[in-house]
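# Topology and contacts: notes
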Amino acid sequence: KAGVTQTPRYLIKTRGQQVTLSCSPISGHRSVSWYQQTPGQGLQFLFEYFSETQRNKGNFPGRFSGRQFSNSRSEMNVSTLELGDSALYLCASSLGGASYGYTFGSGTRLTVV
Amino acid sequence: QKEVEQDPGPLSVPEGAIVSLNCTYSNSAFQYFMWYRQYSRKGPELLMYTYSSGNKEDGRFTAQVDKSSKYISLFIRDSQPSDSATYLCAMTYYTGTASKLTFGTGTRLQVTL
């Protein structure tokens, strides 16, 4: 069965712009989580959506937002990009959360110049 | 102090060696423990998933959890060059409505011929 699909794979944006990343979870999975991975901080939790509702949020500024659609696909938006937002953004899907395990996509590598 | 501590390595071993990777954690609420493998330019791939204390074996991989010591391990037997990757420990607890993964920083493993 198809895995977690993230698009685009690579993005280059200019400081101050905004960006939208997309994630299609495994069919049947209702939970979608987003993580930011950087060499200095490692993997950090951004937020989790379940059945179109955000049910958990990490310690990131309000410039980072997301949403989930009725088909479980999710988008993440970052507004007013900063150089420090350059990172690999990973999406993980799960049937329902911790007790079911998480499957990650290959990520979107965002470079802010 | 980070909630999850992991030696970043790099760890270099010859082919066929037994590899031991470890993480310690401080939050006694963690119940679910995972090991992910991440190849360069890829997303993390779930290797092992355990609930609570004990051992779990899957092929060449064995995961151990010692909740009393807040210590988890991953053993790789008969290591292969294809095992060269970054290994991330992750853990979480389930509140009934929300969960998130807390990751270690990852250990870079190099298996040499």
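Calculation rules
- Residues numbered from 1 in each chain as written.
- Chains lettered and ligands numbered in written order.
- Predicted model: local features only at pLDDT ≥ 70, side-chain atom pairs only at ≥ 80, totals over all residues.
- Heavy atoms only, no water.
- Core = buried A, V, L, I, M, F, W, Y, C linked by side-chain atoms within 4.5 Å.
- Buried < 20%, exposed > 50% of the residue type's maximum accessible area, 1.4 Å probe, protein only.
- Helix = DSSP H or I, 4+ residues; strand = E, 2+ residues; numbered from the N terminus.
- Phe/Tyr/Trp six-rings, centres within 6.5 Å; stacked < 30°, edge-to-face > 60°.
- Salt bridge = Lys/Arg side-chain N within 4 Å of Asp/Glu carboxyl O.
- Contact = heavy atoms within 4.5 Å.
- Buried area = accessible area lost by both parts, 1.4 Å probe.
- Nonpolar A, V, L, I, M, F, W, Y, C, P; charged D, E, K, R; others polar.
- Pairing = 2+ DSSP bridges.
- Axes fitted to C-alpha atoms, helices over the stretch in contact; angles between N-to-C directions.

Ranked by size, the top nonpolar core spans 24 residues in total, and within it Trp35(B), Ile72(B), Leu74(B), Ile76(B), Tyr87(B) and Met91(B) carry the most contacts. Elements with a contribution of two residues or more to this core: strand S3 (19–25), strand S4 (32–38), strand S5 (45–51), strand S7 (61–66), strand S8 (71–76), strand S9 (85–92) and strand S11 (107–112) of chain B. In this structure, Leu21(A), Trp34(A), Leu81(A) and Cys91(A) belong to the second largest nonpolar core, which totals 21 residues.

Attention now goes to the packing of aromatic side chains. Taken as a whole and judged by the stated rule, the model has 13 aromatic pairs over all chains. When the centroid spacing of 5.2 Å and the interplanar angle of 65 degrees are considered together, the rings of Phe60(A) and Phe64(A) count as edge-to-face. Residue classification places Phe64(A) among the buried residues on the basis of a relative accessible area of 3%. For the ring pair Phe104(A) and Tyr36(B), a centre distance of 5.3 Å and an interplane angle of 90 degrees mean the geometry is edge-to-face. Of this pair, Phe104(A) sits in strand S10 (residues 103–104) while Tyr36(B) sits in strand S4, each in a different chain. Per residue, the accessibility class of Phe104(A) equals that of Tyr36(B), and both read buried. Through successive ring pairs, a cluster of aromatic residues spans Tyr35(A), Phe45(A), Phe104(A), Tyr36(B) and Phe103(B).

Moving on, we get to the pattern of salt bridges. Within this structure, the stated rule accounts for 8 salt bridges over all chains. Glu75(A) is paired through a salt bridge with Arg73(A); the nearest N and O atoms lie 3.4 Å apart. Taking the relative accessible area as the measure of exposure, Arg73(A) reaches 23% and is therefore partly exposed. Here Asp83(B) ties to Arg60(B) by a salt bridge, and the two come within 2.9 Å at their closest N and O atoms.

Where interface size is given, it is often the accessible area lost as the parts come together that is meant. Contact residues are listed per partner, giving 21 residues for chain A and 20 residues for chain B. Across the chain A/chain B interface, buried area totals approximately 1700 Å², and carbon plus sulfur atoms make up 53% of it. Residue assignment for the side of chain A that touches chain B shows that the elements contributing at least two residues are strand S4 (31–38), strand S5 (42–50), strand S6 (53–57) and strand S9 (87–94) of chain A. Among the elements that make up the side of chain A that touches chain B, the one with the highest residue count is S5(A) (3 residues). Considered class by class, the residues forming the side of chain A that touches chain B number 10 nonpolar, 8 polar and 3 charged.

For the rest of this paragraph, the subject is the sheet that holds strand S8 (residues 74–78) of chain A. Residue and element names in this part refer to chain A. With respect to topology, 4 strands assemble into an open sheet ordered S1-S3-S8-S7, the strand pairing being antiparallel. Lying at the two open borders of the sheet, with one neighbouring strand each, are strand S1 (5–7) and strand S7 (64–68). Here the average twist between neighbouring strands, direction ignored, is 20 degrees. Bridge count between S1 and strand S3 (residues 19–24): 3 bridges; the pairing is antiparallel. Counted as the bridge partner of Thr-7 is Ser-22 from S3.

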